[in-house]
Structures are given as C-alpha cells and as structure tokens.
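# Fold and geometry: a report
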Amino acid sequence: QFLYFIGRSTMKASGSVIRSAVLRRRPAVLPAGSPLVQFRHCPGTTLEIRRMKEEVESLRHRCELLEQQQQTQRLIKFYASVKRTPIDIDQVVEKCRDPTYRQDVFCHRELPVILAHMIAMLDQLPGGLVAMKNVGKVRAMLSSAFLAVTECPVPQSEKQGAEFRKVLERVMGELEPVVQTMALAVLELRKLLTMHRQALNDDKATRIKLRSLHDVPDLQYSLDEFYLAFVQFKFLSLQLLQMAGSSSSENAKEPEKGKAEPEEVVGIVDTGIDLLEVVRSARHNAELVCTEHHGDCPDIDIELADADDGRAFVSHLSDHLNYILVELIKNSLRATVDTHMARNSLGMVDCSDMPPVKVRIVTNKSPDTATVIVSDQGGGIPREDMEKIMSYTYTSAPKSAHDGDEEPTLLAGYGYGLPMSRIHARIFGGDIMLHSTEGYGTDAYLFLKKKACAIKSKPQNVAAARL
C-alpha cells in the first residue's frame, strides 16, 4: 500500500507539470523536490521507475483479487443461508413430464445453494480434516463451480438455457475428482495421526494414548451430509442435461417383447427397471471382479421371493442400483473366498466347494419398502468392527490402495465402498443395513422406498400412467 501511494503521488505530480508545459509549448520545469528530478541524473533511474510501476500494478492486482474473494465469500454465505429443496424422485418425474415446467430456472436457483452448503460443510469439518491440503483443493473446485453457475444469467430464453447447460456440463467435468480427492484427504489425516501415534508408542518414556480417526466426533455425520449434497447436485445436473437432450416422445418407450411391463425413462430416472435383471447384471460384474482377483468365484444364487409373475419392476436410477448391488455382492464374495480359501493341486483357488452367496428380492411383504438381501457365510464381522464398518475411515482391505506406488483407483481400498453405497441408497429415501453373526456370515439389506420405486401394475399407456 505504501509503494502504491508513493507511485500514484509521484506520477500525478510529475504528470501535471509535464501536461501544463506541453499545452504552453514550453520546456517542462519539474519542482526541485520531485523524485523524478532527484532520479534524473542517477544511473538506472528508468529501470527503478519501471520496477516501481510493476510493483504498484502487482499490488493493485492483488488488492482486486482480495476484494473479489471477499465478495465471493459474502455471496457464498448468502446462498448457504438459503434452505435446500428436498429431492423426491416421484416429484422429479412428475415435474419433468410437464412440458411447461422450467427445470433450467429451478436448477439455476437450486444448484448454487447446494454448492454453497457444500463449501460451508467443508469449512466446518471436524478433527483437523479441514486443514488437509486435498480439502483445500476440493474447496477451490466448488468455489470455481459456484462462481461459474452464479455468473450465468437466469435462463429466460432458449439461448440462455443452452448457455447455462453448456456451463453446467463443463462444471460437472471439473467436479468429477471431488469424491476421490476427499478420500485422499481422509487418508492424509489418517497417515498424520498414525505417524504421531507410532512415534510416541516407540518411545516408552513418552507413550500416551492418542485418539484414532474413528474417534473424531461428528466426522461421519459431516462427510455423510457433504456426499449427500454432492450426489444431489449431480442428480439435478444430469437430469437437466438429459432432459434437454431428449424429446418427450423419446421419454416414453413401447414395451419390449418378453417383458411383462413397459419401460419408461424420464431423464436419467428409469420408471420401469426390472429389478431381477439389475441383480443379474450386478452378479455378472461382481463375478468378473472376483475371478480377476482370485482366479475363481463362488456361486451366486438369486431368488425372487414373492413376485407372482416372476418379475419385479421398480422406479429408480439403474446406475445407482447397479453400483450398490455390485459393492454388496463383491464384499460377500471376498469374505467367502477369504474364509473358505481352498486351492487345487495346481495351487489355484478352488471355489467349487464354497458356500454360495445368496441374493433374495422381496417386493410384496411391505407396503412401503422393497428389499434386496445379500447373504454370505464369510465368517461375519467382528463385533468391535460393526460400529466402524460404515465409516469412511475404515477399510477391511488388507492394504490401502494409496499405500502402494501404483496410481490409486477410486474406492479401491479407500474404505468408501459401503458408505458411498449407503449415500446412493439414502438419496431417494432408501438405506443399507448390515446384520452379522461373528464366525458365520453377514446379511446386507438394501431398502428401497416403495412409494418412489415399486410399480405393481403399470397401465398400458403413458397417459394413464400419469393419472
């Protein structure tokens, strides 16, 4: 600020003298005390003046950036004070079917609110997690996305709507690493605490008991709320982009041969998912993972418990369901192989005599809930680990992917598989619960909100389905 003041004063005083001399067509006579007179006969005077101007410009630029950051923080604080709109999949489908509904205007209002809430959640993370370098990276991503969305005008015309969707598509790509970067932040804090604990435990004279990352209060709740908001942001964004790229005639599809129910897709929401087919697809994907890792795979039995016609149709996001089911089946396969490990004469893993993993689909027993149960005889979960099994700081994998030299893969040994699956279930009113018998096996229950997902008897045309 001092250099800025001196530079401005010097250039202003000298400039007035020179301007008056030019107007009168006379030689400029600078005041005796002018810095330019003092520097006139000194070597390097021009270089010093140029350097001073550069420093003044640099200070001015930094002041402008600081002012912009303060303005952005005030705007974020304002949006964070606005209550988020709850997301119900039934209401989303109903609104998106209405050709007069302005989904882009709603997203223009709601998405900055979600981003502001996420930034506020980061600033309030407990247990030192907020100080991790990777959390700072995530905050920078979210702040950039917030500015990009808020700087777009309200889409009142088709052109403005197209521009807003273009910005939103770019923002979605920039936010793709958020979950992985937050996982690295948790690992970063875990390593820091582990390093201190090991150093103090090695010194018997100063041995004290330090709390682990599992003992940090409210950490699980804070991360759950953050990821719920992030999944909500992705859902609304992808729904808008998908709806803009599809016509109303493409949303309703004719029944396919061999299917008991017609299929209808509204944006990214499938209102006619064949739950049995999704489970079969997840079984195939989980078998590939298990076979690639162990060379063999236990059997997976699928049972449709109570559907009279042999099929069960639900309304949900097929990608979400597939993600959840692959995670649950994959965990059961790994537990079964690790508990009943057997090798043939060639030393290869042999799963032929291992107990199968069972998947049961129950749709008629409850008026409000459809349930998928994944059961195994993989030895169960120790009682002391049951409270931590859904934690982002816990992994049952023998070694974290981030501990090795290879490039870390998302959710591979990070401990994010089960908690993120529960987030994807909860976003539309579902949930995941585990019941384990130590020494025997585990039952994983996936609950789906039937009001938003169960379709028992669908009409034969779209018009009737909307009534």
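Further up the page is the structure itself.
Residue positions are counted from 1 within each chain, in the order its sequence is given. Reporting in this predicted model follows two pLDDT cut-offs: at least 70 for local features of residues, and 80 or more for side-chain atom pairs to be given and counted; totals over whole chains, interfaces and linings ignore these cut-offs and use all residues. Note that water and hydrogens are dropped before the side-chain values are worked out from all heavy atoms of the structure.

### Focus on the sheet that holds strand β8 (residues 441–449)
Put simply, the rule reads: In this description, strands pair whenever DSSP reports at least two bridges between them. Secondary structure follows DSSP: runs of H or I at least 4 residues long count as helices, runs of E at least 2 residues long count as strands, and numbering of each begins at the N terminus. Each axis is a line fitted through C-alpha atoms, taken for helices only over the stretch in contact, and angles between the N-to-C directions span 0 to 180 degrees. In what follows, a contact means two residues having at least one pair of non-hydrogen atoms within 4.5 Å.
What the five strands build is an open sheet, ordered β3-β5-β6-β8-β7; its pairing is mixed. Strand pairing shows two members of the sheet lacking a second neighbour, β3 (300–304) and β7 (431–437), which therefore form its edges. Between one strand axis and the next, the sheet turns through 15° on average, direction left out of account. Pairing geometry for strand β6 (residues 369–376) and β8, over eight bridges, is antiparallel. Residue pairing across strands places Asp376 opposite Thr442, the latter belonging to β8. Lying on the sheet, helix α12 (residues 318–339) is in contact with β3, β5 (357–362), β6, β7 and β8; it crosses β6 at an angle near 25°.

### Some details on the pattern of salt bridges
For side chains bearing opposite charge, pairing can occur when the charged atoms are close. Rules: By definition here, a salt bridge exists when the distance from a side-chain nitrogen of Lys or Arg to a carboxyl oxygen of Asp or Glu is within 4 Å. Between buried and exposed lies partly exposed: a residue is buried under 20% and exposed over 50% of the maximum accessible area for its type, with that area taken using a 1.4 Å probe on protein chains only.
This structure, assessed with the given rule, holds eleven salt bridges. For Asp224, the salt bridge is made with Arg422, and the minimal N-O distance between the two is 3.6 Å. With Asp224 in helix α9 (residues 219–244) and Arg422 in helix α13 (residues 417–426), this residue pair connects regions lying 198 residues apart in the sequence. Each of the two residues, Asp224 as well as Arg422, counts as buried.

### Some thoughts on the environment of Ile389
With respect to the helices and strands, the residue Ile389 is situated in the loop between β6 and α13. Residue class for Ile389 comes out buried when judged on its relative accessible area of 12%. Setting aside residues up to four positions removed in sequence, Ile389 forms contacts with Ile381, Tyr394, Leu418 and Leu434.

### Remarks on the packing of aromatic side chains
What counts here: By convention, a stacked pair of Phe, Tyr or Trp rings (six-membered ring in the case of Trp) has centres within 6.5 Å and planes under 30 degrees apart, an edge-to-face pair has planes over 60 apart, and any other such pair is tilted.
Enumeration according to the criterion identifies eight aromatic pairs in this entry. Both rings, one in Phe78 and one in Tyr79, keep their centres 5.5 Å apart while their planes meet at 80°; by these two values the pair is edge-to-face. Ring plane angle 80° and centroid distance 5.4 Å describe the contact between Tyr79 and Phe146, whose orientation is recorded as edge-to-face. Separated by 67 residues along the polypeptide, Tyr79 in helix α3 (residues 45–80) and Phe146 in helix α6 (residues 133–150) bring together distant segments of the chain. The two residues Tyr79 and Phe146 agree in class, both being buried.

### With respect to the sheet that holds strand β2 (residues 269–274)
Strand order across the open sheet formed by three strands is β1-β2-β4, with antiparallel pairing between neighbours. The open sheet terminates on both sides in strands that have one partner only, identified here as β1 (265–266) and β4 (313–316). Here two bridges tie β1 to β2, and the two strands are oriented antiparallel to one another. Residue Val265 lies in a different strand from β2, and its bridge partner there is Asp270. Of the strands in this sheet, β2 and β4 touch helix α11 (residues 275–294), which is tilted by about 85° from β2.

### Some points on the nonpolar core
Operational definition: Here, nonpolar core means buried Ala, Val, Leu, Ile, Met, Phe, Trp, Tyr and Cys residues that are tied together by side-chain atoms lying within 4.5 Å of each other.
By size, the foremost hydrophobic cluster in this structure holds 63 residues, and its most contacted members are Leu129, Met182, Phe226 and Tyr227. Elements represented by at least two residues in this core include exactly α3, α4 (89–97), α5 (103–123), α6, α7 (158–174), α8 (178–202), α9 and α13. Among the elements that take part in this core, α9 stands out by supplying 13 residues, more than any other. Ignoring sequence-local partners within four residues, the contact set of Phe226 consists of Met118, Met121, Leu122, Val138, Leu142, Val178 and Met182. Formed by 39 residues, the second largest nonpolar core is a distinct cluster that contains Val279, Leu304, Ile361 and Ala370.

### Section: the side chain of Ser436
Keep this limit in mind: Here a polar contact is recorded for every N or O atom pair within 3.5 Å, except that within protein the pair must consist of a potential hydrogen donor and a potential acceptor, and residues adjacent in sequence are included only if both atoms are side-chain atoms.
Locating Ser436 in the fold gives a position in strand β7. Polar contacts involving the side chain of Ser436 include one to the main-chain carbonyl oxygen of Gly441, which spans 3.4 Å. Within the structure, Ser436 has its side chain in polar contact with the side chain of Thr442 (distance 3.1 Å). Residues in contact with Ser436, not counting those within four places in the same chain, are Gly380, Ile381, Met386, Gly441 and Thr442.

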